[in-house]
Amino acid sequence: MGSTGTVLRELRGAQKSSKGVSLYSRYVNRPAGRLLAAGAFRARLTPNQVTLISAAFTFTAIAAVALVEPSWWLGILVYAGLAVGFAFDSADGQLARLTGRGGPDGEWLDHVVDCAKMILVHSAVLIAFHRSGSLPGEGWLLLPLGFLFTAVLTFCAGLLREQLGKAAVGTAPAPAATGAPVSRIRAVALLPADYGVFCLVFLLLGVPGAFRAGYAVLAAVHALFLVAFLVKWFRELKALRAG
């Protein structure tokens with residue numbers, strides 16, 4: 001087993017392409033995941049065990065949103081739990097690529113946890129809204145449902161785009177080189193759609209009005225991204241058929 005420095009250097013060479021990745025994931029979440037992956041490697045954890053650790057942090061934080069009275073302290077703890085869970089979500093893939101222990105079971109587990117996370121976080125916000133008793137109107141209860149619809153549809157449509165694209169060309173595309181040119185403008189533009197940025201809104205839990213406003217803004221932005229992604233993915237798949 002190599003030193004932590006050696007493992008970190010090897011992990012830097014086991015990164016996915018930065019194409020289509022926001023600045024947060026590229027410069028915050030992936031580096032944090034790399035440190036966690038190195039620690040997991042030293043602890044002899046498997047990628048699937050790291051995925052379950054990610055789920056434990058994430059689901060504990062989500063449960064707190066639904067069950068605990070909103071406060072500044074709760075907001076900080078929820079954000080920390082979600083952010084650490086997200087970093088572990090990056091670490092499991094990095095560890096799998098480093099050790100060569102990835103497989104369809106791990107990919108399946110990772111997607112199951114991701115899907116559960118999306119469903120539960122917006123369900124928890126819906127419960128928190130209902131428990132607060134201070135909503136300006138009952139129509140606000142539709143907001144988490146709309147955000148949930150947007151998040152799940154984006155996730156499912158993106159996954160289908162990836163799988164149908166692979167089937168259309170007959171083989172899975174080779175991993176892109178990490179040194180390939182990456183659009184900085186695109187990386188900035190994708191920030192509002194990044195899960196790590198979404199987690200930041202929970203820092204506002206101590207001020208219900210500010211949290212509702214921030215959550216509503218993110219819901220609107222994600223809806224716009226969904227429309228853009230659907231159009232883009234449909235055109236790409238249509239082009240593959242034509243080709």
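For the structure, check the block above.
Residues numbered from 1 in each chain as written. Predicted model: local features only at pLDDT ≥ 70, side-chain atom pairs only at ≥ 80, totals over all residues. Heavy atoms only, no water.

Visitor: Break down the packing of helix α5 (residues 104-132) against helix α6 (residues 142-169) for me, with residues and values.
Guide: Packing of α5 against α6 leaves a shortest axis separation of 8 Å and a crossing angle of 165°. Between α5 and α6, the angle falls in the class roughly antiparallel. Crossing of α5 against α6: the hand is right-handed. On α6, the residues touching Glu 107, His 111, Asp 114, Cys 115, Met 118, Ile 119, His 122, Ser 123, Val 125, Leu 126 and Phe 129 of α5 are Leu 143, Pro 144, Leu 145, Phe 147, Leu 148, Ala 151, Val 152, Phe 155, Leu 159 and Gln 163. (Axes fitted to C-alpha atoms, helices over the stretch in contact; angles between N-to-C directions. Helix = DSSP H or I, 4+ residues; strand = E, 2+ residues; numbered from the N terminus. Parallel < 35°, antiparallel > 145°, perpendicular 65-115°, else oblique. Left-handed = near helix turned anticlockwise from the far one by under 90°. Contact = heavy atoms within 4.5 Å.)

Visitor: Kindly report on the environment of Pro 70, identifying the contributing residues and their values.
Guide: You can see Pro 70 is positioned in the loop between α3 (47-67) and α4 (72-99). Since its relative accessible area comes to 34%, Pro 70 is described here as partly exposed. Remark: the alpha-carbon pair of Pro 70 and Pro 208, spanning 138 residues in sequence, is separated by 7.8 Å. (Buried < 20%, exposed > 50% of the residue type's maximum accessible area, 1.4 Å probe, protein only.)

Visitor: Give me α4: which residues, what numbers.
Guide: The end-to-end C-alpha distance of α4 is 40 Å, a good match for the 40 Å that 28 residues give at a rise of 1.5 Å each. Two residues or fewer after α4 comes Gly 100, characterised by a positive phi angle close to 70°. (Expected span 1.5 Å × (residues − 1).)

Visitor: Could you give an account of the pattern of salt bridges, naming the residues involved and the relevant values?
Guide: Per the stated rule, a full pass over the model turns up five salt bridges. A salt bridge links Lys 117 to Asp 114, with the shortest nitrogen-to-oxygen separation between them at 3.5 Å. Taken together, the residues span about one helical turn, with Lys 117 and Asp 114 both in helix α5 at a distance of three residues. Taking the relative accessible area as the measure of exposure, Lys 117 reaches 7% and is therefore buried. Among the ionic pairs, Lys 166 bridges to Glu 162, the shortest N-O distance being 3.3 Å. Placement of both Lys 166 and Glu 162 in helix α6 is noted, with a separation of four residues, approximately one turn of the helix. On the accessibility criterion, Lys 166 (25% relative accessible area) is partly exposed. Linked by salt bridges that have partners in common, Asp 89, Asp 114 and Lys 117 make up one network. (Salt bridge = Lys/Arg side-chain N within 4 Å of Asp/Glu carboxyl O.)

Visitor: Can you lay out helix α9 (residues 208-242) for me, pointing to particular residues and giving the numbers?
Guide: A rise of 1.5 Å per residue sets the reference length of α9, with its 35 residues, at 51 Å; its end C-alpha atoms lie 50 Å apart and thus fit the reference within 8%. On its buried face, α9 is in contact with α5, α6, α7 (184-189) and α8 (195-199).

Visitor: Which residues make up the packing of aromatic side chains, and what values do they have?
Guide: For the structure on display, the rule yields 14 aromatic pairs. Note on Phe 129 and Phe 211: the rings are 6.2 Å apart at their centroids and 75° apart in plane angle, and the pair reads as edge-to-face. Here Phe 129, found in helix α5, pairs with Phe 211, found in helix α9; they are 82 residues apart in sequence, far enough to count as distant. Residues Phe 129 and Phe 211 agree in their burial class; the two are buried. Taken together, Tyr 24, Phe 86, Phe 129, Phe 147, Tyr 195, Phe 198, Phe 202, Phe 211 and Tyr 215 form an aromatic cluster joined through their ring pairs. Here the guanidinium or amino end of Lys 117 rests over the ring plane of Tyr 195, the centre of that ring lying 4.2 Å away. For Arg 212, the ring lying beneath its charged end belongs to Trp 140, and the centroid distance is 5.7 Å. (Phe/Tyr/Trp six-rings, centres within 6.5 Å; stacked < 30°, edge-to-face > 60°. Lys NZ or Arg CZ within 6 Å of the ring centre and 35° of its normal.)

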